[in-house]
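# Report on the structure
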Amino acid sequence: MVQNSGKTLCPGTLKPVNLPELIKAEEDASGLPTAILTPRRQVIKTIEDRWRIDDEWWRREPVSRLYCAVLFASGQRLVVYKDLTDGEWYKQGY
Amino acid sequence: MRILCILLPHFSWHCETLNNPEIQGCPTIITYNTGSQKLVLDYSPDLAGLQPEMPLQQALARYGEANLLQADLPCYRAIFEEILGALEQRSPLVENADLGQAYIGLEGLQMIYPDDRSLLKAVQEAVPAHFSPRAGLAEGKFPAYLAALYSPPEANYRILTDGLTDFLKGLPCDVLPIAGKNKACLHEFGLHTLGQLAALSPGPLQAQFGPEGRKIRDLARGRDETPLYPRFMEENIEESTVLSSVTVSLEAILITVEGLLTRVFSRESLKGRGIRSLHIWTCGWGAQYWEHSLQFKEPAMDIRSTLSRIKLLLEDFPQPGPVERIGLKITGLGYRNGRQKSLFSEVRAQDHLLNDIKQLELRLGSPQVYKIKEVEPWSRIPERRYALAPLNP
């Protein structure tokens, strides 16, 4: 990480980091994921943690997400979330 | 200080007759564009009642059958530059006041020109007779200008030594170099001549016109303290070309500019020096004229870095129409800035890296290397916490 030099940031030249990526997922009756289908079908062994964030309710597009930290059978860990406004699943580092 | 004013009346029209002698004797109006407005730049001497900067429509309402010519400003400036260069052979103090008007300082020339007539003769020889030059010699720029403007036709010069007040008192207020609305205001007050203005005390004029009121009174009395600003001679490099076919394509224009820059950088006089400022102009089909200047924070030492800046300029300020001629005038030449490098190799490596990143940016025209910056590290929304900012903002 570069130390903050205190220079004024120019908003026009900033690019986002860690944008969410759309994925396909299977979910159970309670809405929790059971398998991730992108790029290939991977069954979720356990959901290690889950949390919900609701923010910016005053905007036209509020942020309402249900995050799940999942562990696959292969030992790989991933953080995915379901966007509660459009129902889509995304993966994102947290 | 004694100053000589050289006036070349209808200079632009005379320049046009050099290339097109057939327009002599025909009523002609030379026009130029300023924004969306077309104004009169100059006109043939037989068209009475016209003034420079008059709207073209107004001029055509008087002389609807006059020939219309689009002004070729680079050509007129080039011809006037030659004349100024010839005048500088007579005196080192030459001020370029306007197209067709110059002031010459006479300080220190007594050993070369023992009297005024020999000086006037030398100056008139420097100006081609085709332009019908008029000269005026007086103390101060404004009196010298008036002396030239009202010089007798048989001699084409006037020397004002004594009798300045008598000469000025009958002249109209319209000769004053002030705003048009102030001239109209003077006439409304019944002040039509410089003599009437000179007779007033400074208070009422300043109360009505502010600081310009004092200037009006001083000028009406023949007192002009404005100093002479002689031309600053700096080395210029000029290159221009005519395109083989009229084009609107940016790529074609850039290829032509690259060719001009190749000629510039191949000159022996430029060896080891870079470009600090340049002036680019284009003349389009229909004589539409476009010009812009560029300054470089550090001297551009090669064609590539110069061309990338010109490309950005051409993209930000598109051409008004198809382009026929392109020219470059390099007005600032300088050596590369010296930089003290660090003794430590790690710091030097960092400097090399930053320099390479900067060159990449100049070549591709947009930032290529970014660094991660904290924006809202406390945010619950992950994509809001950090952002990528260009390494060289």
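For the structure given in this document, a descriptive report is provided here.

## Describing the pairing of strand S7 (residues 134-139) of chain B
Residue and element names in this part refer to chain B. Looking at chain direction, strand S1 (residues 2-7) and S7 are connected through six bridges and run antiparallel. Paired with leucine 7 across the two strands is arginine 134, which belongs to S7. Here S7 pairs with strand S8 (residues 157-159) via three bridges, running parallel. Bridge pairing links leucine 137 to isoleucine 159 in S8.

## Some remarks on unusual backbone geometry
The peptide bond linking threonine 38 of chain A to proline 39 of chain A adopts the cis configuration, its omega dihedral lying at 0°. Relative to the elements of secondary structure, proline 39 of chain A occurs in the loop between strand S4 (33-36) and strand S5 (42-55). Of note in this structure, asparagine 18 of chain A is not a glycine but carries a positive phi near 65°. As for its position among the elements, asparagine 18 of chain A is in the loop between strand S1 (15-16) and strand S2 (21-23). Located in the positive-phi region is serine 132 of chain B, a residue other than glycine, with phi close to 50°. Summarising the element assignment, serine 132 of chain B is placed in the loop between helix H4 (116-126) and S7. Judged by relative accessible area, serine 132 of chain B falls into the partly exposed class, the value being 36%.

## Quick look at the interface of chain B and chain A
In this complex, chain B contributes 16 residues to the contact, which on the side of chain A involves 24 residues. Carbon and sulfur atoms supply 59% of the area that chain B and chain A bury against each other, a total of about 1800 Å² over both sides. Ranking the residues of chain B by area buried against chain A places Lys373, Arg380 and Glu383 of chain B at the top, with a combined share of 32%. In this assembly, chain B and chain A are joined by three salt bridges. Notably, a salt bridge pairs glutamate 56 of chain A with arginine 384 of chain B, separated by 2.4 Å at the nearest N-O pair. At the junction of chain B and chain A, the tally comes to eight residue pairs in polar contact (both at pLDDT 80 or more). When contributions to the side of chain B that touches chain A are tallied by element, the ones reaching two or more residues are strand S13 (370-374) and strand S14 (386-390) of chain B. Ranked by residue count, the leading element in the side of chain B that touches chain A is S14 of chain B, at five residues. Of the residues belonging to the side of chain B that touches chain A, the class tally is ten nonpolar, no polar and six charged. Relative to S14 of chain B, S1 of chain A runs antiparallel, the two sharing two bridges. Across the sheet, residue lysine 15 of chain A finds its bridge partner in S14 of chain B, namely leucine 388 of chain B.

What counts as what
- Residues numbered from 1 in each chain as written.
- Chains lettered and ligands numbered in written order.
- Predicted model: local features only at pLDDT ≥ 70, side-chain atom pairs only at ≥ 80, totals over all residues.
- Heavy atoms only, no water.
- Pairing = 2+ DSSP bridges.
- Helix = DSSP H or I, 4+ residues; strand = E, 2+ residues; numbered from the N terminus.
- Buried < 20%, exposed > 50% of the residue type's maximum accessible area, 1.4 Å probe, protein only.
- Contact = heavy atoms within 4.5 Å.
- Buried area = accessible area lost by both parts, 1.4 Å probe.
- Salt bridge = Lys/Arg side-chain N within 4 Å of Asp/Glu carboxyl O.
- Polar contact = N/O pair within 3.5 Å; in protein donor to acceptor, adjacent residues only side chain to side chain.
- Nonpolar A, V, L, I, M, F, W, Y, C, P; charged D, E, K, R; others polar.

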